[in-house]
Protein chains: 2
Amino acid sequence: MTTAALRIALAQADFLVGDIPGNLAKVKALAAEARDRLAADLIVFPELCLIGYPPEDLLLRPSVEQRIEQALNELAEVTGIHVLVGYPRLCAGRLYNMAGVFRDGVLLAEYAKQELPNYQVFDEKRYFTPGREAAVFALKGHRLGLTLCEDIWHSGPAAAAKAAGAELLLNLNASPFHRGKQVEREAVVRARVKECGLPVVYVNLVGGQDELVFDGGSFVMAADGRLVTALPRFEEQLSVVEWNGSAFIAAPSSQDVLTDDAEVYQALVLGVRDYVEKSGFRGVVLGLSGGIDSALTLAIAVDAIGPARVQAIMMPYLYTATMSLEDAEAEAHRLGVQYSVLPIEPMVTAFAAALAPEFAGLGRDKTEENLQARARGVLLMAISNKKGLLVLTTGNKSEMAVGYCTLYGDMAGGFDVLKDVPKTLVFRLCEYRNRLTPDNPPIPQRVIDRPPSAELAPDQKDEDSLPPYPVLDEILRRYVEEDESAEAIVAAGFDRETVLRVIRMVDFNEYKRRQAAIGPRITARGFGKDRRYPVVNGWKAGD
Amino acid sequence: MTTAALRIALAQADFLVGDIPGNLAKVKALAAEARDRLAADLIVFPELCLIGYPPEDLLLRPSVEQRIEQALNELAEVTGIHVLVGYPRLCAGRLYNMAGVFRDGVLLAEYAKQELPNYQVFDEKRYFTPGREAAVFALKGHRLGLTLCEDIWHSGPAAAAKAAGAELLLNLNASPFHRGKQVEREAVVRARVKECGLPVVYVNLVGGQDELVFDGGSFVMAADGRLVTALPRFEEQLSVVEWNGSAFIAAPSSQDVLTDDAEVYQALVLGVRDYVEKSGFRGVVLGLSGGIDSALTLAIAVDAIGPARVQAIMMPYLYTATMSLEDAEAEAHRLGVQYSVLPIEPMVTAFAAALAPEFAGLGRDKTEENLQARARGVLLMAISNKKGLLVLTTGNKSEMAVGYCTLYGDMAGGFDVLKDVPKTLVFRLCEYRNRLTPDNPPIPQRVIDRPPSAELAPDQKDEDSLPPYPVLDEILRRYVEEDESAEAIVAAGFDRETVLRVIRMVDFNEYKRRQAAIGPRITARGFGKDRRYPVVNGWKAGD
């Protein structure tokens, strides 16, 4: 067999879960562009791109089969290029996570994913049967092996593809972001490349889907482990590389290596943008408190969808400092968003009066603080209902962990931008964002500098109720993200009483998190699909 | 080997997820009772009883291993009886769902579950590695084979146990309830018994855990498929049977065959009772509207925890009919619960005034209805906060399906008793409950007879916005529970526009359900862990 230079297009694109006709249209448009503009012989799409990722229980609908078959038939309308797409397909009564190569409507090779992830946020064994065989196809004299996402994290599938004659591996991914994920991915693929001696074309999905953010970062790695080309993170891109059977020719890498702060910030922006756009909201509304969480959330929202679609509301009460009012207004002004002030005193007073007979003889407690938060929640939801705006909530991961938040109050809303961002990282992200536009930093410095306060009681400070945030966040990281026991955390140098108190708060507040808005996952263990705790729970820390 | 009569105790008991020390104490007490009162040689407990079911991500905590090892060591304190318990155990770095037989602290046999369910509400492949071998142990000359729950739904494990010499199968279960489940279970076990020719001792868990209700219904089935004994549903019981190697001697069956209405009602009562008790609430509070859902919820709450721990609140507004006020009061009076009336007009007026500038030029819409529902939600939550009472919500499955409910309004609360009960079944359950105490039927007849209304606007009726409930519920059953496509439902004789409208409502309102309270699952597809839909979702019905 003679070989000729092979041009492979990497389609790092954003798909909408469930929208098979829309996703097909995008596949066809990108394939035509790759053929016409990039002279590509083959275009490689992400895993399950025809239905989007993760499709979850949509996969249980029998009509998926018929819709996918129809889409695959319509792929024939793109001619003159090999198209490698991912889709679910039923064979002999079992559902497989498939990759198929089509040319002019003919299926040339089909591969069923062998390694099905069923941990963290993944539930693929709920739906799919694992494949058992390699699939290799020939194009212009080159033999290309198919793999899907998790396959490349294990030795078996690459080795099987090589044994079946593959000279290069194509790897279709739907790999969600967490902090540091790109470094992990490259290391894993490099290990695989060195183990099997084959180059890898790694194509990843990009975009937000509920709590997941897919960060792109597709790349081509040569057989010596060198990165040949790397696509940008957090945005769509169509790129081409040329392979002559021993070496690649590629455009210079367009992937910047992002700092931790930069990749988290971009993940949050993309998560908000895709949630708003894919859900069809006209815009967003959020409450500004004068504090750091709402200030950062506002900046992210504006970076995601522009100031014209963002409305900010300040809802002061007796305990709201003048500084908070000034700073909230400054934040809205600097970012150019619509800003209103709606005092909540009349509503709080009305509730207190209505409840007075019920509360006769009972002392003041958190109930009165929650009334303030809930009056604000009701106002924001009313504006949301009337104007078709999504309410963004502003609770950070530290607060969500220990329940320092009010159900149906500050937790009322559809998307919690900072849900997986610990408070100490919130501070860093504010500094990061201000440095991006030093002439007009969106977050006033004193918002960053003043001690955090919920302002639900006179002279209240977060640290009256909680350990200092650096201590709290490290205990939380160990307990929540690393599953360390109380004993292990104490042994690492933390005060026993503090550790036990924090753990009790985390365990107790599962009921709040169960009703919380979803929010973009940026760590390897967010409070979403990757932490499935019982609400009724007799587990006790530190016995 | 000589054989003697073997006395096997079935421990149908309720355990608390996560509370390993508490569960161990219960195991020890029941084992001692079985030995002393029932002269049992062996006591069989439910699956995973030491940690409770389902333990979910508690299983990812490394300290589970140490806590379980400690509990198994302490089992040695029970002597003179074989104890068969379920627990998670790590072997060679992999976690198994185990059953182990202990005698005087010695592990005589250990079995790892072979068939791991990973569908519906089950995620066992997330945690466990499947076992590969049968386990059989001898006791008084009898050879007993071990199986765990799902194992008995497949041919392999029973056949392997028989091949390994088993003469009788012990099957430890944590099998959750849905309507008609007991009939399914007995049919499956009967088929297995006939296939392998061995009798089965089937022991099930009982109790509520979050959305799951375990209904007990343990039984012994002889090798000819005859039911030897059957334990009651929805309550704890310790029973004994005697096996002489060919026949059983057992007490007469105490299991009544329950009607559909009866088993659903008992499931709801047990679900509420265990949620309240296991969470440690002092009691519950709920809003009474004068409608049928809150009337039924109140009756269930009182049957679950008694009238002294239940508080009912009526929160009338302009659109509340006099009849509703009268009926709510009658319901509270008939059941003997504390009853208050808190009109919401002052709060609604205050919100409307505060929002007037924001809403200038915009017409009246659902926003104003939601304000009423949310004012009520805030009042109930305040009472909950102040008094330590759980707020029960009253939304039924039909409403939750189509989003005929207000987030942070009538949806505010911790446990939604009717979440999986379609409206047509709500009517039947009211009639059922009234028949239980015909001298004092808790639900006034005209509450059942009047057309359902949310009373959020003048002369509002549910059927102004929704199809008649018998039509709606059948479309929902087909779409939600059976995954039928729009085409299939239309082909079954339903109006196309109605079908498409209902499906659109179900799909659109996923965001509400995501923040809904949990509630007891009584169907094979509740809106909980067994229906995992994306919020952002481009799937369209009827294309």
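What counts, and where the lines are drawn
- Residues numbered from 1 in each chain as written.
- Chains lettered and ligands numbered in written order.
- Predicted model: local features only at pLDDT ≥ 70, side-chain atom pairs only at ≥ 80, totals over all residues.
- Heavy atoms only, no water.
- Helix = DSSP H or I, 4+ residues; strand = E, 2+ residues; numbered from the N terminus.
- Pairing = 2+ DSSP bridges.
- Contact = heavy atoms within 4.5 Å.
- Axes fitted to C-alpha atoms, helices over the stretch in contact; angles between N-to-C directions.
- Buried < 20%, exposed > 50% of the residue type's maximum accessible area, 1.4 Å probe, protein only.
- Right-handed = clockwise from strand over helix to strand, strands pointing away.
- Phe/Tyr/Trp six-rings, centres within 6.5 Å; stacked < 30°, edge-to-face > 60°.
- Lys NZ or Arg CZ within 6 Å of the ring centre and 35° of its normal.
- Buried area = accessible area lost by both parts, 1.4 Å probe.
- Salt bridge = Lys/Arg side-chain N within 4 Å of Asp/Glu carboxyl O.
- Polar contact = N/O pair within 3.5 Å; in protein donor to acceptor, adjacent residues only side chain to side chain.
- Nonpolar A, V, L, I, M, F, W, Y, C, P; charged D, E, K, R; others polar.
- Domains from an automatic or database assignment.

Visitor: Describe unusual backbone geometry, and please don't skip the residues or the numbers.
Guide: Between Tyr-53 of chain A and the following residue, Pro-54 of chain A, the backbone shows a cis peptide bond with an omega angle of -10°. Along the polypeptide, Pro-54 of chain A turns up in the loop between strand E2 (42-44) and helix H2 (63-74). One non-glycine residue with positive phi stands out, namely Asp-210 of chain A, at about 55°. Looking at where Asp-210 of chain A falls in the secondary structure, it is placed in the loop between strand E10 (206-209) and strand E11 (212-215). The backbone phi angle of Glu-455 of chain B is positive, close to 50°, even though this residue is not glycine. Considering the arrangement of structural elements, one finds Glu-455 of chain B in the loop between helix H12 (445-449) and helix H13 (462-465).

Visitor: Can you tell me about the sheet that holds strand E18 (residues 338-341) of chain B, naming the residues and giving the values?
Guide: All names here are of chain B. The five strands lie next to each other as E18-E17-E16-E19-E20, forming an open sheet whose pairing is parallel. Each end of this open sheet is capped by a strand with a single partner; those strands are E18 and strand E20 (415-416). In terms of strand pairing, strand E16 (residues 283-288) meets strand E19 (residues 389-393) through three bridges, oriented parallel. Paired with Gly-283 across the strands is Leu-389, a residue of E19. Set on the sheet, helix H9 (residues 366-387) makes contact with E16, strand E17 (310-314), E18 and E19; between it and E19 the angle comes to about 155°.

Visitor: Summarise the sheet that holds strand E13 (residues 227-230) of chain A; cite the residues concerned and give the values.
Guide: All names here are of chain A. Taken in spatial order, the six strands make up an open sheet running E6-E7-E8-E9-E12-E13, and their pairing is mixed. Looking at strand neighbours, the two that pair on one side only are strand E6 (136-139) and E13, the edges of this open sheet. Direction aside, neighbouring strands of the sheet carry axes that sit 20° apart on average. As paired strands, strand E8 (residues 168-172) and strand E9 (residues 200-203) are joined by four bridges and run parallel to one another. Across the sheet, residue Leu-172 finds its bridge partner in E9, namely Val-203. Most of the contacts of helix H4 (residues 181-196) go to strand E12 (residues 219-221), to which it runs at about 30°, and overall it touches E8, E9, E12 and E13.

Visitor: Would you mind going over the side chain of Lys-423 of chain B in detail, with residue names and values included?
Guide: Residues and elements named next belong to chain B. In this fold, Lys-423 is placed in helix H11 (residues 423-436). The class of Lys-423 is buried, set by a relative accessible area of 2%. Excluding its chain neighbours within four sequence positions, the residues that come into contact with Lys-423 are Ile-292, Asp-293, Asn-396, Ser-398, Glu-399, Pro-452, Asp-462, Tyr-469 and Asp-473.

Visitor: Got a sec to walk through the pairing of E16 of chain B? Specific residues and values, please.
Guide: All names here are of chain B. The buried count for E16 comes to six of six residues, which makes it a mostly enclosed element. Along E16, one buried face is formed by Gly-283, Val-285 and Gly-287 and the opposite face, lined by Val-284, Leu-286 and Leu-288, is buried too. Pairing geometry for E16 and E17, over five bridges, is parallel. For Val-285, the partnering residue across the bridge sits in E17 and is Gln-311. Handedness of the β-α-β unit built from E16, helix H6 (residues 292-305) and E17 comes out right-handed.

Visitor: Go over the packing of aromatic side chains, please, and point to the residues and values.
Guide: Enumeration over the complete set of coordinates arrives at 26 aromatic pairs over all chains. A cation over a ring is seen here: Arg-531 of chain A above Tyr-533 of chain A, with NZ or CZ 3.8 Å from the ring centre. For Arg-67 of chain B, the ring lying beneath its charged end belongs to Trp-539 of chain A, and the centroid distance is 3.8 Å.

Visitor: Explain the interface of chain A and chain B residue by residue, including any values.
Guide: Interfaces are often sized by the amount of accessible area the parts lose when they come together. Opposite the 89 residues of chain A that make contact, chain B presents 89 residues. For the pair chain A and chain B, the two sides together bury roughly 7,300 Å², of which 57% comes from carbon and sulfur. Where chain A meets chain B, there are 12 salt bridges. A salt bridge links Asp-365 of chain A to Lys-386 of chain B; the nearest nitrogen and oxygen atoms lie 3.2 Å apart. At the surface where chain A touches chain B, the tally comes to 45 residue pairs in polar contact (both at pLDDT 80 or more). Mapped by element, the contributors of at least two residues to the side of chain A that touches chain B are H2, helix H5 (260-279), strand E17 (310-314), strand E18 (338-341), helix H8 (345-355) and helix H9 (366-387) of chain A. Among the elements that line the side of chain A that touches chain B, the one with the most residues is H9 of chain A, at 14 residues. In terms of residue class, the side of chain A that touches chain B is built from 42 nonpolar, 20 polar and 27 charged.

Visitor: Could you give an account of the domain arrangement of chain A, naming the residues involved and the relevant values?
Guide: All names here are of chain A. We note that the domain assignment places domain 1 (6-247) and domain 2 (262-461 + 510-514) within chain A. Distance between the C-alpha centres of domain 1 and domain 2: 39 Å. Across the boundary between the two partners, domain 1 contributes 15 residues, which contact 12 residues of domain 2. Approximately 1,100 Å² of surface area, both sides summed, lies buried where domain 1 meets domain 2, with 57% of it carried by carbon and sulfur atoms. Run the count over domain 1 and domain 2 and you get two salt bridges. Salt-bridge contacts for Glu-263 lead to Arg-233; the nearest nitrogen and oxygen are separated by 3.0 Å. Along the contact surface separating domain 1 from domain 2 lie six residue pairs in polar contact (both at pLDDT 80 or more). Contributions of two or more residues to the side of domain 1 that touches domain 2 are made by E10 and E11.

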